[in-house]
Protein chains: 2
Amino acid sequence: MCDFKTLEKAATGSRHTLARTLDSLGYNDDGLVPAIAQQYDTGEVLMLAWMNRPAIEESLETGRVCYWSRSRQQFWRKGESSGQVQLLRSMAFDCDGDTILLKVDQTGPACHTGRRSCFFVEVDGDKVTIASEPVIDPEELYK
Amino acid sequence: MCDFKTLEKAATGSRHTLARTLDSLGYNDDGLVPAIAQQYDTGEVLMLAWMNRPAIEESLETGRVCYWSRSRQQFWRKGESSGQVQLLRSMAFDCDGDTILLKVDQTGPACHTGRRSCFFVEVDGDKVTIASEPVIDPEELYK
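Thresholds, definitions, all that
Residues numbered from 1 in each chain as written. Chains lettered and ligands numbered in written order. Predicted model: local features only at pLDDT ≥ 70, side-chain atom pairs only at ≥ 80, totals over all residues. Heavy atoms only, no water. Salt bridge = Lys/Arg side-chain N within 4 Å of Asp/Glu carboxyl O. Helix = DSSP H or I, 4+ residues; strand = E, 2+ residues; numbered from the N terminus. Buried < 20%, exposed > 50% of the residue type's maximum accessible area, 1.4 Å probe, protein only. Pairing = 2+ DSSP bridges. Axes fitted to C-alpha atoms, helices over the stretch in contact; angles between N-to-C directions. Contact = heavy atoms within 4.5 Å. Buried area = accessible area lost by both parts, 1.4 Å probe. Nonpolar A, V, L, I, M, F, W, Y, C, P; charged D, E, K, R; others polar. Least-squares fit on C-alpha atoms with pLDDT ≥ 70 in both.

**Q** Would you take a moment to explain the pattern of salt bridges for this structure?
**A** Note on pairing: side chains with opposite charge can pair once their charged atoms come close. Applying the stated rule across the entire model yields 15 salt bridges over all chains. A salt bridge links Asp98(A) to Arg70(B); the shortest N-O distance between them is 3.4 Å. One end of the pair, Asp98(A), is in the loop between strand E6 (86-93) and strand E7 (100-106); the other, Arg70(B), is in the loop between strand E4 (66-69) and strand E5 (74-77), on a second chain. We note a salt bridge from Glu44(B) to Arg116(B), for which the minimum N-O separation is 3.9 Å. One end of the pair, Glu44(B), is in the loop between strand E2 (33-39) and strand E3 (45-51); the other, Arg116(B), is in the loop between strand E7 (100-106) and strand E8 (121-124), and 72 residues separate them in sequence. With a relative accessible area of 33%, Glu44(B) lands in the partly exposed category. Three or more residues joined by partner-sharing salt bridges are found here, namely Asp23(A), Arg53(A) and Glu57(A).

Written out as structure tokens, the structure reads:
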């Protein structure tokens with residue numbers, strides 16, 4: 001049974017068990033769910049990364065966002081090498097339970113290129129344009 | 001060669017070929033990339049769905065967002081059955097070319113439950129709470 005079928009019909013304001021909801025998330029074959037990080041006050045979408053259940057639980061426990069790195073196959077405690085941490089302000093799941101929305105307070109740039117947001121390659125007609133400048137030199141971020 | 005390695009070092013404001021950028025996206029094994037839909041003026045994150053290259057190209061050509069439905073294995077022209085279309089205001093790719101950010105103008109609710117946003121299951125301590133109300137009865141949306 002998919003608990004999200006129940007949740008979508010539940011009354012506004014009703015409360016349900018987190019642990020059971022986490023059981024019901026639509027993890028992919030690698031046990032991962034995509035997580036969108038949005039700056040809580042400005043609404044800027046900063047990045048998308050992936051979480052498994054332990055990363056979700058750690059993020060909720062510590063209040064600092066922890067992802068699962070698919071390339072490194074290990075926990076990715078955002079900011080652990082760059083210092084650019086994400087403080088977790090809220091977490092929500094979508095109607096199907098297969099995406100997470102994190103509202104965060106991002107210290108400095110979210111992007112490994114030193115830009116505030118990862119979404120800097122913008123479509124412009126039959127071209128793309130580089131739409132923002134690094135705010136920190138990436139050499140400084142990872143030295 | 002991954003073109004995004006080049007793009008991340010390119011000058012702000014520089015322009016590059018869209019077609020080649022689309023060649024370089026990090027499609028998964030099913031040829032899909034996750035796409036975040038954000039209301040362009042309020043910043044609200046509405047939903048996440050998936051696009052293949054033809055869906056990206058159709059969306060850019062028509063100005064109406066077209067996804068690929070993984071459950072139905074067909075194009076999903078947002079609003080084709082509900083009338084709740086998404087007009088595309090801008091499209092951007094992230095630093096790794098494996099996520100798309102769509103800024104859209106959403107007619108009515110984005111969510112099949114009749115809610116404005118799909119992200120209505122919010123974590124609250126050891127519970128989740130249903131954080132928003134349908135703005136339209138889903139029976140009305142799909143009748």
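**Q** Sorry if this is basic, but what is going on with the sheet that holds strand E8 (residues 121-124) of chain A here?
**A** Paired through their backbone hydrogen bonds, the strands of a sheet run either parallel or antiparallel. With mixed pairing, seven strands are arranged side by side in an open sheet as E1(B)-E9(A)-E8(A)-E6(B)-E7(B)-E2(B)-E3(B). Single-partner strands in this sheet number two, and they are strand E1 (15-17) and E3 of chain B. Put simply, the sheet's adjacent strands are angled 35 degrees from each other on average, direction ignored. With three bridges connecting them, strand E9 (residues 127-130) of chain A and E1(B) associate as antiparallel partners. Counted as the bridge partner of Thr129(A) is Arg15(B) from E1(B). Here helix H3 (residues 53-62) of chain B sits on the sheet and contacts E8 of chain A together with E3, strand E6 (86-93) and E7 of chain B; the angle it forms with E6(B), its principal contact strand, is near 120 degrees.

**Q** Looking at this model, I keep getting lost on the interface of chain A and chain B. Mind explaining?
**A** When the parts of a complex come together, some accessible area is lost, and that lost area is often taken as the interface size. Opposite the 51 residues of chain A that make contact, chain B presents 52 residues. Summing the contributions of chain A and of chain B, the shared interface buries around 4200 Å²; its carbon and sulfur component is 62%. Connecting chain A to chain B are four salt bridges. Between Arg15(B) and Asp124(A) there is a salt bridge, and its shortest N-O distance comes to 3.3 Å. Here the residues of the side of chain A that touches chain B sort into 25 nonpolar, 14 polar and twelve charged.

**Q** Explanation requested: the relation of the copies chain A and chain B in the structure shown.
**A** What relates the pair of chain copies is a rotation about an axis plus a shift along that axis. Between chain A and chain B, which share one sequence, the superposing operator has a rotation angle of 180 degrees and an axial displacement of 0.0 Å; the RMSD is 0.0 Å. Taken together, these values place the two copies in the relation of a two-fold axis. If distances are taken from each C-alpha of chain A to the rotation axis, the shortest is found for Gly43(A), at 2.6 Å. Residue by residue, 100% of the interface of chain A is reproduced at the interface of chain B, so both copies engage with the same surface.

**Q** Quick question: what am I supposed to make of the side chain of Ser59(A) here?
**A** All names here are of chain A. Within the element layout of this structure, Ser 59 appears in helix H3 (residues 53-62). For Ser 59, a relative accessible area of 0% translates into the label buried. Residue contacts for Ser 59: discarding those within four places in its chain leaves Met 51, Arg 64, Val 65, Cys 66, Leu 88 and Met 91.

**Q** Which parts of the structure should I look at to understand the sheet that holds strand E9 (residues 127-130) of chain B?
**A** Read from one edge to the other, the open sheet built from seven strands follows the order E1(A)-E9(B)-E8(B)-E6(A)-E7(A)-E2(A)-E3(A), with strand pairing classed as mixed. Every other strand in the sheet has two partners, leaving strand E1 (15-17) and strand E3 (45-51) of chain A as the edge strands with one partner each. Neighbour-to-neighbour, the strand axes of the sheet open up by a mean angle of 35 degrees, direction not taken into account. Against the sheet, H3(A) touches E3, E6 and E7 of chain A together with E8 of chain B, its axis set at about 120 degrees to E6(A).

By themselves, these observations are geometric and do not establish any function.
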